[in-house]
Amino acid sequence: DQQVKQNSPSLSVQEGRISILNCDYTNSMFDYFLWYKKYPAEGPTFLISISSIKDKNEDGRFTVFLNKSAKHLSLHIVPSQPGDSAVYFCAAGLNDMRFGAGTRLTVKP
Amino acid sequence: DAGVTQSPTHLIKTRGQQVTLRCSPKSGHDTVSWYQQALGQGPQFIFQYYEEEERQRGNFPDRFSGHQFPNYSSELNVNALLLGDSALYLCASSLWQGAHTGELFFGEGSRLTVL
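So, here is what we can say about the structure in this document. (Residues numbered from 1 in each chain as written. Chains lettered and ligands numbered in written order. Predicted model: local features only at pLDDT ≥ 70, side-chain atom pairs only at ≥ 80, totals over all residues. Heavy atoms only, no water.)

## A closer look at the pairing of strand β6 (residues 56-59) of chain A
Point 1. Judged from the four bridges that link them, β6 of chain A and strand β7 (residues 62-67) of chain A form a sheet pairing that is antiparallel. Note that in β7 of chain A the partner of Asp-59 of chain A across the bridge is Phe-62 of chain A. (Pairing = 2+ DSSP bridges. Helix = DSSP H or I, 4+ residues; strand = E, 2+ residues; numbered from the N terminus.)

## Some points on the state of the cysteines
Point 1. All told, the structure shown has two disulfides over all chains when counted by the stated rule.
Point 2. Each sulfur of the disulfide joining Cys-23 of chain A and Cys-90 of chain A lies 1.9 Å from the other. Between Cys-23 of chain A and Cys-90 of chain A, the S-S torsion sits near 60°, and that sign places the bridge as right-handed. Of this pair, Cys-23 of chain A sits in strand β3 (residues 19-25) while Cys-90 of chain A sits in strand β9 (residues 86-93), and the two are 67 residues apart along the sequence. Just as Cys-23 of chain A is buried, Cys-90 of chain A falls in that class too.
Point 3. With a sulfur-sulfur separation of 1.8 Å, Cys-23 of chain B is cross-linked through a disulfide to Cys-91 of chain B. The sign of the S-S torsion, about -60°, decides the handedness of the disulfide formed by Cys-23 of chain B and Cys-91 of chain B: left-handed. You can see Cys-23 of chain B sitting in strand β3 (residues 19-24) and its partner Cys-91 of chain B sitting in strand β9 (residues 87-94), a full 68 residues away along the chain. As far as burial versus exposure is concerned, Cys-23 of chain B and Cys-91 of chain B are alike and both buried. (Disulfide = S-S within 2.5 Å. Buried < 20%, exposed > 50% of the residue type's maximum accessible area, 1.4 Å probe, protein only.)

## So, the environment of Glu-51 of chain B
Point 1. By the element assignment, Glu-51 of chain B lies in the loop between β5 (44-50) and β6 (53-57).
Point 2. At a separation of 3.5 Å, a polar atom in the side chain of Glu-51 of chain B contacts the side chain of Tyr-50 of chain B. (Polar contact = N/O pair within 3.5 Å; in protein donor to acceptor, adjacent residues only side chain to side chain.)

## With respect to the sheet that holds strand β1 (residues 4-5) of chain A
Point 1. Pairing within the open sheet is antiparallel, and its five strands lie in the order β1-β3-β8-β7-β6 (chain A). Among the strands making up the open sheet, the edge pair consists of β1 and β6 of chain A.

## A word on the side chain of Asn-77 of chain B
Point 1. Relative to the elements of secondary structure, Asn-77 of chain B occurs in strand β8 (residues 74-78).
Point 2. For Asn-77 of chain B, the contacting residues outside a window of four places in its chain are Gln-18, Val-19, Thr-20, Arg-63, Phe-64, Ser-65 and Gly-66 of chain B. (Contact = heavy atoms within 4.5 Å.)

## Observations concerning a nonpolar patch on the surface
Residue and element names in this part refer to chain A.
Point 1. A cluster of nonpolar residues, Ile-18, Ile-20 and Val-78, forms a patch on the protein surface that exposes about 230 Å² of accessible area.
Point 2. Tracing the backbone shows Ile-20 in strand β3.
Point 3. The exposure class of Ile-20 is partly exposed, given its relative accessible area of 38%. (Patch = residues over 30% accessible without salt bridge, like charges linked within 9 Å, V, L, I, M, F, W, Y side chains within 5 Å. Areas by Shrake-Rupley, 256 points an atom, 1.4 Å probe, with all protein chains shown as cover. Salt bridge = Lys/Arg side-chain N within 4 Å of Asp/Glu carboxyl O.)

## Comments concerning the pattern of salt bridges
Residue and element names in this part refer to chain A.
Point 1. Within the structure shown, the criterion is met by six salt bridges over all chains.
Point 2. Here Lys-56 and Glu-58 are joined by a salt bridge, their closest N and O atoms 4.0 Å apart.
Point 3. With relative accessibility at 43%, the residue Lys-56 sits in the partly exposed group.
Point 4. Judged by relative accessible area, Glu-58 falls into the exposed class, the value being 52%.

## Looking at the interface of chain B and chain A
Point 1. At the junction of the two partners, chain B supplies 21 residues and chain A supplies 19 residues.
Point 2. Summed over both sides, the interface of chain B with chain A buries roughly 1,600 Å², with 57% coming from carbon and sulfur.
Point 3. At the junction of chain B with chain A, the criterion picks out zero salt bridges.
Point 4. Elements that contribute at least two residues to the side of chain B that touches chain A include exactly β4 (31-37), β5 and β6 of chain B.
Point 5. Split into classes, the residues belonging to the side of chain B that touches chain A amount to seven nonpolar, eleven polar and three charged. (Buried area = accessible area lost by both parts, 1.4 Å probe. Nonpolar A, V, L, I, M, F, W, Y, C, P; charged D, E, K, R; others polar.)

## Thoughts on the nonpolar core
Residue and element names in this part refer to chain A.
Point 1. Within the largest apolar cluster, 23 residues are counted, with the highest numbers of intra-cluster contacts made by Phe-33, Trp-35, Leu-73, Leu-75 and Tyr-88.
Point 2. Elements supplying a minimum of two residues to this core: β3, β4 (32-38), β5 (45-51), β7, β8 (72-77), β9 and β11 (103-108).
Point 3. Sort the elements by how many residues they give to this core and β9 lands first, with four residues.
Point 4. Setting aside its immediate chain neighbours within four residues, Leu-73 contacts Leu-21, Asn-22, Cys-23, Tyr-25, Phe-33, Trp-35, Val-64, Phe-65 and Leu-66. (Core = buried A, V, L, I, M, F, W, Y, C linked by side-chain atoms within 4.5 Å.)

Written out as C-alpha cells, the structure is:
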C-alpha cells in the first residue's frame, strides 16, 4: 500500500538554480508532511515539515508547498548547492510516518 | 547528547535463521519506530513502540516482532529469515505526541544480508 509516491527517482540541477522535488499521496487523512534528506551510510535527517492546515512553509533556502486538493506536495531548494546532493524522501504522518521511495538530487557545480 | 544508536551495523544470516536488532533512542525520547529499507526503496514502516507496547503496525508478517524496555530501548526480532528480508533496518525515535507531527531521529541502520 504505497500511500506516498515520489515518481522521479532522480533529478539533476545546475548549482545556483532551483531544485523542485515532487511527492503525491493518496490518504486524505494525513495531517503532517515532512521532507527528509539522506546521505550515503547515514540515516535520514529531518529537513522541513508542513501541517495540513497550511499551504506553504519556508526555512531558509527550503520551501515546502502543499496542495491538498491535488494531494501533492513539493520541495523547492533555491539556490541549489553541491552539498544539497543527496536522496530526498517525502513522508506523511497520521498515527505513524509513511515514506516515499526517494528522489536522488545531484547538484552540479 | 547521544543520538539514536543501533547494533549491529552489519550482519549476515542464512535462510531460516533468526535475528535480533537493537536500538537505543535519542536521550529524552520515549517512542521507537522501526523501518525496513530495501535497496532503491524508501523506508517501510514495520511497527512503533511506546510504553513498552506495540502501538502501530505496518504491513509486515508476524515473523517480525519487537519489544521495548523500561529504559525506552527496543529490539526488532525477525524469525524464519527469507532472502527478501535482506535490507537496511532503521530505528527512529521521537516523543509520543510528536510521533506523526514532528521529526523522527534516525539511527544509521543495521544492514542485514540473508544468504
